[in-house]
Amino acid sequence: MATKNQAKTQDDSRDDGMKEKMISVNRTTKVVKGGRILGFAALSVVGDGDGRIGMGKGKSKEVPSAVQKSMEEARRSMIKVSLKNGTLHHGVHGQHGAARVMLAPAPKGTGIIAGGPMRAVFEVVGITDIVAKSHGSSNPYNMVRATLDALKRSTTPAEIAAKRGLSVEDLLA
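The structure displayed is predicted, hence computed values, not measured ones. (Residues numbered from 1 in each chain as written. Predicted model: local features only at pLDDT ≥ 70, side-chain atom pairs only at ≥ 80, totals over all residues. Heavy atoms only, no water.)

(A) Representation of unusual backbone geometry. At Asn85, a residue that is not glycine, the phi angle is positive and equals roughly 55 degrees. Relative to the elements of secondary structure, Asn85 occurs in the loop between β4 (78–80) and β5 (92–96). Assessed through its relative accessible area of 64%, Asn85 is described here as exposed. (Helix = DSSP H or I, 4+ residues; strand = E, 2+ residues; numbered from the N terminus. Buried < 20%, exposed > 50% of the residue type's maximum accessible area, 1.4 Å probe, protein only.)

What follows is the structure, given as structure tokens:
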């Protein structure tokens, strides 16, 4: 049996400055001859609060191991998002399956105006001011994927200027 100090050092070694948010846990039941077998599926997002975010899913017979698996997968599948003072550079749409989301930048002090799974994504990625709306499916898995799709589609003025062969000053003028 581990003492409190050993448990604390294990937690500290895993603490790498990442924010972890649990979005949902689903319980599934398989009926067999001897009774029911319970299983759990967890969905989580992990981010560094400065533009990096990853989504992960984990399945197991127990909730804690499903959560741990989902967090590990989220850490492995991180993407980088460009932010501007805690918000996006421009409005963007994203979709996955029947879930569609609309994200719009907001002025400082607005806060996160978003529901459910989208709020968790914005909190871990480091977005502090945004207005978001979801249309269509409210399935947490698809909403998170649609939100990540929208974040991947966002661009910076430097990227647009490079595509057009202009400087950023010429683009913004």
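Now that the structure is up, let's keep going.
(B) Structural context of helix α3 (residues 116–125). Burial of α3 is extensive: seven of the 10 residues sit out of reach of the surface. Of all the residues in α3, the buried ones are Pro117, Met118, Ala120, Val121, Phe122, Val124 and Val125. Looking at the residues trailing α3, positive phi occurs at Gly126, about 105 degrees.

(C) Structural view of a nonpolar patch on the surface. A cluster of nonpolar side chains, Met22, Val25 and Val63, forms an exposed patch at the surface whose accessible area comes to about 200 Å². Take Val25: it is sitting in strand β1 (residues 19–32). (Patch = residues over 30% accessible without salt bridge, like charges linked within 9 Å, V, L, I, M, F, W, Y side chains within 5 Å. Areas by Shrake-Rupley, 256 points an atom, 1.4 Å probe, with all protein chains shown as cover. Salt bridge = Lys/Arg side-chain N within 4 Å of Asp/Glu carboxyl O.)

(D) Quick look at the sheet that holds strand β2 (residues 35–47). Read across the open sheet, the four strands follow the order β1-β2-β3-β4; overall the sheet is antiparallel. The outermost strands of the open sheet, each flanked by one partner alone, are β1 and β4. Strand-to-strand twist of the sheet, defined as the mean angle between neighbouring strand axes without regard to direction, takes the value 15 degrees. Here strand β3 (residues 52–60) pairs with β4 via three bridges, running antiparallel. Each residue of the ladder has a partner; that of Gly54, found in β4, is Met78. Packed onto the sheet, α3 meets β1, β2 and β3 and runs at close to 140 degrees relative to β1. (Pairing = 2+ DSSP bridges. Axes fitted to C-alpha atoms, helices over the stretch in contact; angles between N-to-C directions. Contact = heavy atoms within 4.5 Å.)

(E) Structural detail: the domain arrangement of the chain. Domain annotation for the chain reports domain 1 (19–79) and domain 2 (81–160). Each of domain 1 and domain 2 has a C-alpha centre, and these two points are 22 Å apart. The interface of domain 1 with domain 2 comprises 21 residues on the first partner and 15 residues on the second. Buried area between domain 1 and domain 2, summed over both chains or domains, comes out near 1500 Å², and the portion from carbon and sulfur atoms is 74%. Considering only the side of domain 1, the residues that lose the most area to domain 2 are Ile53, Met55 and Ile79, jointly responsible for 33% of the buried surface there. Counting across the interface, domain 1 meets domain 2 through one salt bridge. The shortest N-O distance in the salt bridge between Glu123 and Lys21 comes to 2.9 Å. Connecting domain 1 to domain 2 are five residue pairs in polar contact (both at pLDDT 80 or more). (Domains from an automatic or database assignment. Buried area = accessible area lost by both parts, 1.4 Å probe. Polar contact = N/O pair within 3.5 Å; in protein donor to acceptor, adjacent residues only side chain to side chain.)

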